[in-house]
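Descriptive analysis of the structure
One letter stands for each residue in the lines below.
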Amino acid sequence: TADVHNITSGQVIIDLSTASKELLENSLDAGATQVTITFKNHGIDSIEVSDNGTGIDEEDFDGICMKHYTSKLRTFEDVANVRTLGFRGEALSSLCAVARVDITTSTKSIQPRAYKLEYDHHGRLKSKQTASRNCGTTVLISDIFRNLPVRKTDLVKNGRREFQKAVTLLQSYALIKVGLRLVVQHVDSRGRKGIMLATSGSKQLRSNVLSVFGANGMAGLEPIDFRLNISARFKLKACDMLLSVHGYLSNCSFGKGRSATDRQFWFVNGRPVKLQQFSKAITDVYKTFNHLQCPVILLDLELDPQFIDVNVTPDKRTIFLHNEAAIIEALKERVTEIFSSQDI
Ligand code: ADP
Ligand code: MG
């Protein structure tokens, strides 16, 4: 087993993307079906995430913003089988260290009564007031990086770009989470509101893809759904490794020479992750069918959690897959097959 400190060291909140993603993950872990994320002035003034999840129990108020506090891992062995998006207990405490954090929360048993909680720099509960809201939680992060002048200056300078980066990362959750009504909106310094992203809460992946990419972006996408037996194909011993692959890929009617590097999304068991080697492999296959440059990729790999290690970096976006090379090979073979069978 890994050392406990491995999962607790490092910095989680490095920019607006990680801040907003961590908050969204918390809402999803709390079972939310509706989440609204509001960026004020590109997030420089504030980011607010409001959900209809379970809410936070009063007995947890003191703990949630303390370093390493998590309600999601009961034993250390759970790390190997983690199904929740969060498990490191670092996001809220890191946010407290770099921003002002206010939480309003209510549970099923106390709604419409609620509590408004304010936390200090160290994640200690500073004040608790009664408030009102339905079951769920609103986390308001304001004045991010107020105590880190260099990062703050950088953020103010590149606010628009940083905000775009955050929206792209949130897109990956909007795409994969079926049954979630996600709204991401921006409010500028004059109070004008714009919707950046909105999903309907449909149970269909297709509907999410339509909401995020639009009807034009959907054209030329091929639904993908297959299973691979990695251990049988590569005669791997000592394990039975099955892989389900589900999502969308550009097909041959996708525009010639069109590039879609900003539309390559990988997921492992529904968790958005970076899989650069995988993107490269699929792109290589497309290049052999020479008129396609860079495909749209939206693929969820489903496999037994025992073959995955998500606990590699604090942002949980880099992961290790057992037999990665074999998985890539098998994927390339299958994508080649799918593509060859199309009428080019
Ligand atoms: P982690 O997600 O790794 O457990 P966090 O620092 O992100 O750590 O959150 C700490 C704890 O705060 C969570 O384990 C959870 O109990 C509680 N929490 C945070 N956000 C929410 C939310 N939106 N709804 C319900 N509980 C929450
Ligand atoms: Mg979390």
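Criteria and thresholds
- Along each chain, residue indices are assigned from 1 in the same order as the chain's sequence is written.
- Both sets of labels track the order of writing: A upward for chains, 1 upward for ligands.
- Where local features are concerned, this predicted model is filtered to residues with pLDDT of at least 70; where side-chain atom pairs are given and counted, the filter is 80 or more; whole-chain, interface and lining totals use all residues.
- Secondary structure elements are defined from DSSP: runs of H or I of at least 4 residues count as helices, runs of E of at least 2 residues count as strands, and each element is numbered from the N terminus.
- Think of it as a crowd count around each C-beta: if 20 or more other C-beta atoms lie within 10 Å the residue is buried, if 12 or fewer it is exposed, and in between it is partly exposed, with C-beta placed from the backbone throughout.
- Working rule for contacts: place C-beta from the backbone, and if it is within 6 Å of a molecule or strand, that residue counts as near it.
- Residue polarity follows a fixed list, in which Ala, Val, Leu, Ile, Met, Phe, Trp, Tyr, Cys and Pro are nonpolar, Asp, Glu, Lys and Arg are charged, and the others, Gly among them, are polar.
- Every helix has an expected span of 1.5 Å times one less than the residues it contains.
- What the arc covers is the set of directions going from the helix axis to the C-beta atoms.
- With C-beta atoms placed from the backbone, a contact is any residue pair whose C-beta atoms sit within 7 Å.
- Should DSSP find at least two bridges between two strands, the strands are taken to pair.
- Convention adopted: a line fitted to C-alpha atoms gives each axis, helices being fitted over their contacting stretch, and angles between N-to-C directions are expressed from 0 to 180 degrees.
- Residue ranges assigned to each domain were obtained from an automatic or database domain assignment.
- In this description, a nonpolar core means buried residues of the types Ala, Val, Leu, Ile, Met, Phe, Trp, Tyr and Cys, linked to one another by C-beta atoms lying within 7 Å.
- An angle below 35 degrees is read as roughly parallel, one above 145 as roughly antiparallel, one from 65 to 115 as roughly perpendicular, and any other as oblique.
- Crossings are classed by handedness, with left-handed meaning an anticlockwise turn of the near helix from the far one by less than a right angle and right-handed meaning a clockwise turn.

Considering the overall build of the protein chain
Helix and strand counts for the protein chain come out as 8 helices and 15 strands. Within the protein chain, buried positions represent 38% of all 344 residues.

Some words on the site of ligand 1
For ligand 1, the set of nearby residues contains 23 residues, the closest of which are N26, A30, T70, G86 and A91. The residue makeup of the shell around ligand 1, split by class, is 7 nonpolar, 10 polar and 6 charged.

Describing helix α7 (residues 276-288)
End to end, α7 covers 19 Å across 13 residues, agreeing with the expected 18 Å (1.5 Å per residue, within 8%). Those residues of α7 not exposed but buried are F278, I282, V285 and Y286. Along α7, the residues classed as buried sweep out an arc of 100° about the axis, all on the same side. Away from its buried face by more than 90 degrees, α7 exposes Q276, K280, D284 and T288. Those residues of α7 that are buried lie in contact with β11 (264-268), β13 (297-302) and α8 (324-340).

Concerning the sheet that holds strand β6 (residues 136-142)
Taking strand neighbours across the sheet as the criterion, the 8 strands line up as β5-β4-β3-β6-β2-β1-β7-β8 in an open arrangement whose pairing is mixed. Two strands bound the open sheet, and with one partner strand each, they are β5 (125-132) and β8 (193-198). The sheet shows a mean angle of 15° between the axes of neighbouring strands, direction not considered. When strand β3 (residues 100-106) meets strand β4 (residues 113-119), the two strands line up antiparallel, connected through 5 bridges. Counted as the bridge partner of V101 is Y119 from β4. Helix-sheet contacts for helix α4 (residues 159-176) involve β1 (34-40), β7 (181-187) and β8, and the interaxial angle to β8 is about 40°.

Some remarks on the domain arrangement of the protein chain
What the domain assignment reports for the protein chain is domain 1 (4-205) and domain 2 (219-340). The C-alpha-based centres of domain 1 and domain 2 are spaced at 29 Å.

Considerations on the nonpolar core
In this structure, L95, V101, I141 and L170 are the most contacted members of the largest nonpolar core, which totals 81 residues. Tallying contributions element by element places α4 first for this core, with 9 residues. Mapping this core onto the domain boundaries places at least three of its residues in each of domain 1 (4-205) and domain 2 (219-340). With residues near it in sequence (within four places) discarded, V101 still touches C65, L92, L95, C96, Y119 and I141.

A look at the packing of α4 against helix α5 (residues 205-218)
Contact geometry of α4 with α5 gives a least axis separation of 7 Å together with a crossing angle of 150°. It follows that α4 is roughly antiparallel to α5 by the angle criterion. In contact with Q171, A174 and L175 of α4, α5 contributes N208, V209, S211 and V212. Looking at the contact of α4 with α5 residue by residue, the class counts come to 4 nonpolar, 3 polar and no charged.

Describing the sheet that holds strand β12 (residues 271-273)
With respect to topology, 5 strands assemble into an open sheet ordered β9-β10-β13-β11-β12, the strand pairing being mixed. Where the open sheet ends on each side, the last strands, each with one partner, are β9 (221-229) and β12. Here the average twist between neighbouring strands, direction ignored, is 20°. Across 6 bridges, strand β10 (residues 242-250) lies against β13 in antiparallel orientation. The residue of β13 that forms the bridge with Y248 is L298.

A closer look at the packing of α7 against α8
The contact between α7 and α8 brings their axes to 9 Å, and the two run at 30°. It follows from the interaxial angle that α7 and α8 lie roughly parallel. Between α7 and α8 lies a crossing of right-handed hand. For the pair α7 and α8, the contacting residues are Q277, F278, A281, I282 and V285 in the first and I328, L331, K332, V335, T336 and F339 in the second.

Here's the deal with the pairing of β10
Direction of pairing for β9 relative to β10: antiparallel, over a ladder of 9 bridges. Paired with N229 across the bridge in β10 is L242.

Looking at α4
Compared with an ideal rise of 1.5 Å per residue, which puts 18 residues at 26 Å, α4 spans 27 Å between its outermost C-alpha atoms and is within 8% of the ideal. Within α4, burial applies to F163, A166, V167, L169, L170, Q171, S172, Y173, A174, L175 and I176.

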